[in-house]
Amino acid sequence: MSNAENIKCLIIGSGPAGYTAAIYAARAEMKPVLYQGMQPGGQLTTTNEVENFPGYPEGISGPEMMVQLEAQAKRFETDVRYGFITKVDFSDANNLLAWTEDGHEIKADTVIISTGASAKYLGLPSEQKYLEMGGGVSACAVCDGFFYRGQETIIVGAGDSACEEAHYLSKLCTKVTMLVRKDDFRASKIMADRVKNTPNIEILFNTETLEVLGDDQGVTGALVKNNQTGEEKTIPATGFFVAIGHKPNTDIFKDYIDLDETGYIKYAKPGTSLTNVPGVFVAGDAADKNYRQAITAAGTGCMAALDAERYLAAKGH
Ligand code: NDP
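Everything numeric in this text was worked out from a predicted model, so none of it was measured.

1. Quick look at the overall build of the protein chain
Part 1 of the reasoning: Assigned secondary structure in the protein chain consists of seven helices and 19 strands.
Part 2 of the reasoning: At 21 Å, the protein chain has a C-alpha radius of gyration in line with the 20 Å of a compact globule built from 317 residues.
Part 3 of the reasoning: With respect to the principal axes defined by its C-alpha atoms, the protein chain has extents near 65 × 40 × 35 Å.
Part 4 of the reasoning: Looking at the protein chain residue by residue over its 317 residues, the buried ones come to 50%.
Part 5 of the reasoning: Relative to all contacts within the protein chain whose residues are 6 or more apart in sequence, the contacts with residues 24 or more apart total 58%.
Part 6 of the reasoning: As displayed, the protein chain has an accessible area near 15,400 Å², and 50% of this comes from carbon and sulfur atoms.
Part 7 of the reasoning: Across the protein chain, the centroid of the 29 positively charged side chains sits 5 Å from that of the 41 negatively charged ones.

2. Some remarks on the side chain of asparagine 206
Part 1 of the reasoning: Within the secondary structure, asparagine 206 sits in the loop between strand E13 (201-204) and strand E14 (207-215).
Part 2 of the reasoning: Asparagine 206 gets classed as buried once you look at its relative accessible area, which sits at 16%.
Part 3 of the reasoning: A polar contact of 3.3 Å, which involves the side chain of asparagine 206, links it to the backbone nitrogen of aspartate 183.
Part 4 of the reasoning: Asparagine 206 has contacts with Val180, Arg181, Lys182, Asp183, Lys225, Asn226, Asn227 and Gln228, leaving out every residue within four places of it along the chain.

3. Focus: the nonpolar core
Part 1 of the reasoning: Ranked by internal contacts, the top residues of the largest apolar core, which has 30 residues, are Ile11, Tyr19 and Ile112.
Part 2 of the reasoning: Counting only elements with at least two residues in this core, the list comes to strand E1 (5-12), helix H1 (16-27), helix H2 (62-75) and helix H7 (294-314).
Part 3 of the reasoning: The element best represented in this core is H7, accounting for eight residues.
Part 4 of the reasoning: Those residues within four positions of isoleucine 112 in sequence are excluded, and the remaining contacts are Cys9, Leu10, Ile11, Ile12, Ala21, Phe281, Ala283, Ala304, Ala305 and Ala308.
Part 5 of the reasoning: The next biggest cluster of nonpolar side chains, apart from the first, holds 22 residues, and it includes Ile12, Val33, Ala108 and Ile113.

4. A word on the domain arrangement of the protein chain
Part 1 of the reasoning: Splitting the protein chain by domain gives domain 1 (5-118 + 247-314) and domain 2 (121-242).
Part 2 of the reasoning: Of note, the centres of domain 1 and domain 2, computed from C-alpha atoms alone, are 31 Å apart.
Part 3 of the reasoning: In this assembly, seven residues from domain 1 lie in contact with seven residues from domain 2.
Part 4 of the reasoning: Approximately 630 Å² of surface area, both sides summed, lies buried where domain 1 meets domain 2, with 42% of it carried by carbon and sulfur atoms.
Part 5 of the reasoning: Viewed at the interface, domain 2 and domain 1 are joined by zero salt bridges.
Part 6 of the reasoning: On inspection of domain 1 and its partner domain 2, the count reaches zero residue pairs in polar contact (both at pLDDT 80 or more).

5. What to know about the site of the ligand
Part 1 of the reasoning: Taken together, 15 residues form the shell around the ligand, and within it Asp160, Ser161, Glu164, Arg181 and Arg186 come nearest.
Part 2 of the reasoning: At 3.3 Å from an oxygen atom of the ligand is found a main-chain nitrogen or oxygen belonging to alanine 158.
Part 3 of the reasoning: Here an oxygen atom of the ligand and a side-chain polar atom of arginine 181 are 2.9 Å apart.
Part 4 of the reasoning: Out of a free accessible area of 910 Å², the ligand has 73% covered by protein chains.

6. Here's the deal with the packing of aromatic side chains
Part 1 of the reasoning: According to the stated counting rule, one finds six aromatic pairs in the structure shown.
Part 2 of the reasoning: Measuring from centroid to centroid gives 6.2 Å for phenylalanine 90 and phenylalanine 253, while their planes differ by 15°, and the two rings are stacked. Here phenylalanine 90, found in the loop between strand E6 (85-89) and strand E7 (96-100), pairs with phenylalanine 253, found in the loop between strand E18 (246-248) and strand E19 (280-282); they are 163 residues apart in sequence, far enough to count as distant.
Part 3 of the reasoning: A relative accessible area of 0% places phenylalanine 253 in the buried class.
Part 4 of the reasoning: Where phenylalanine 90 meets tyrosine 256, the ring centres are 6.0 Å apart and the plane angle is 55°; that geometry is what we call tilted. With phenylalanine 90 in the loop between E6 and E7 and tyrosine 256 in the loop between E18 and E19, this pair connects stretches of sequence that are 166 residues apart.
Part 5 of the reasoning: For phenylalanine 90, a relative accessible area of 4% translates into the label buried.
Part 6 of the reasoning: Feature note: the residues Phe90, Phe253 and Tyr256 constitute an aromatic cluster, connected by ring pairs.
Part 7 of the reasoning: Across the ring face of phenylalanine 76, the terminal group of arginine 27 is positioned such that the distance to the ring centre comes to 5.4 Å.
Part 8 of the reasoning: Lysine 87 extends its terminal NZ or CZ atom over the ring of tryptophan 99, reaching a point 4.5 Å from the ring centre.

Calculation notes
Residues numbered from 1 in each chain as written. Predicted model: local features only at pLDDT ≥ 70, side-chain atom pairs only at ≥ 80, totals over all residues. Heavy atoms only, no water. Helix = DSSP H or I, 4+ residues; strand = E, 2+ residues; numbered from the N terminus. Rg over C-alpha atoms; globule rule 2.2 N^0.38 Å. Buried < 20%, exposed > 50% of the residue type's maximum accessible area, 1.4 Å probe, protein only. Contact = heavy atoms within 4.5 Å. Areas by Shrake-Rupley, 256 points an atom, 1.4 Å probe, with all protein chains shown as cover. Lys, Arg positive; Asp, Glu negative; His and termini not counted. Charge placed at Lys NZ, Arg CZ, Asp CG, Glu CD. Polar contact = N/O pair within 3.5 Å; in protein donor to acceptor, adjacent residues only side chain to side chain. Core = buried A, V, L, I, M, F, W, Y, C linked by side-chain atoms within 4.5 Å. Domains from an automatic or database assignment. Buried area = accessible area lost by both parts, 1.4 Å probe. Salt bridge = Lys/Arg side-chain N within 4 Å of Asp/Glu carboxyl O. Near = heavy atom within 4 Å. Phe/Tyr/Trp six-rings, centres within 6.5 Å; stacked < 30°, edge-to-face > 60°. Lys NZ or Arg CZ within 6 Å of the ring centre and 35° of its normal.

This is the structure in structure tokens:
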């Protein structure tokens, strides 16, 4: 006989999507159990100041916001657990199974996937140093660009995200230097053209970052190298933005849940949170490569909980 713990609603992940799903599911008396995952609080815990989440007129730090969301979820008796889900078996929709890292087995009537996505970084020690310090390295121009208004910034990347973010920064910053490692963009022509036609964006092709430079206060620039000529130079900047893609945290679901070619979960029905497996719903960045905002993640967290509640009601639970 299985020793599985039987629950109504398992929520995997603790960003704004997961906690919002928990608040709604708990208030609907689904007694949700939420596993926080590898990075309790999610991507927002690496953001300094959140100024674009409605309801915080003075702004709030990312970590503090996540503490508040957790407290709100717990107020309605969400069972918030430290730990992560390492394996699932969704082969039988009436028997949705998940296991934690220490082998604890859970059988859930519904599962809400809110595992998010992780921004990719270059991996340079100097980049990680200023990222951890909160001193000028960011993977989100929409979140952090405002802090560099009237200043010079650098952005690395050549995809649609990098172009979109470079253009966003160009409206705030005096100058944006875009570092493209090849001799052309990967982005769509229209996005690349917009960047090329923006006077205060300088594009350096065939250019790689050797080191992010800085002092006690944060970033002061970057040492870069032209990979064709070997020429090295220093570019002054107070903000170093990285836009080289995101990786959705969906690996453990790939045998059961339909993913797109880049690993994002596909909605089974647009405008809902449904996946291809009945009873399994998705919220937040695990299915969103487009908006990636705390507020949109929270919104889809709400949708997932409502869809889960309706699913259970239709089954007579
Ligand atoms: P992409 O994977 O499309 O692009 C990543 C970019 O980062 C590439 O140009 C790549 O360079 C570069 N890169 C990767 N690693 C490094 C590195 N170590 N050093 C320097 N450069 C590096 O990611 P995006 O986030 O831009 O886009 C993801 C998806 O979302 C795409 O399908 C995109 O079209 C879509 N999207 C659409 C938008 C829109 O239409 N409004 C907006 C944003 C995203 P290289 O080219 O040399 O490999």
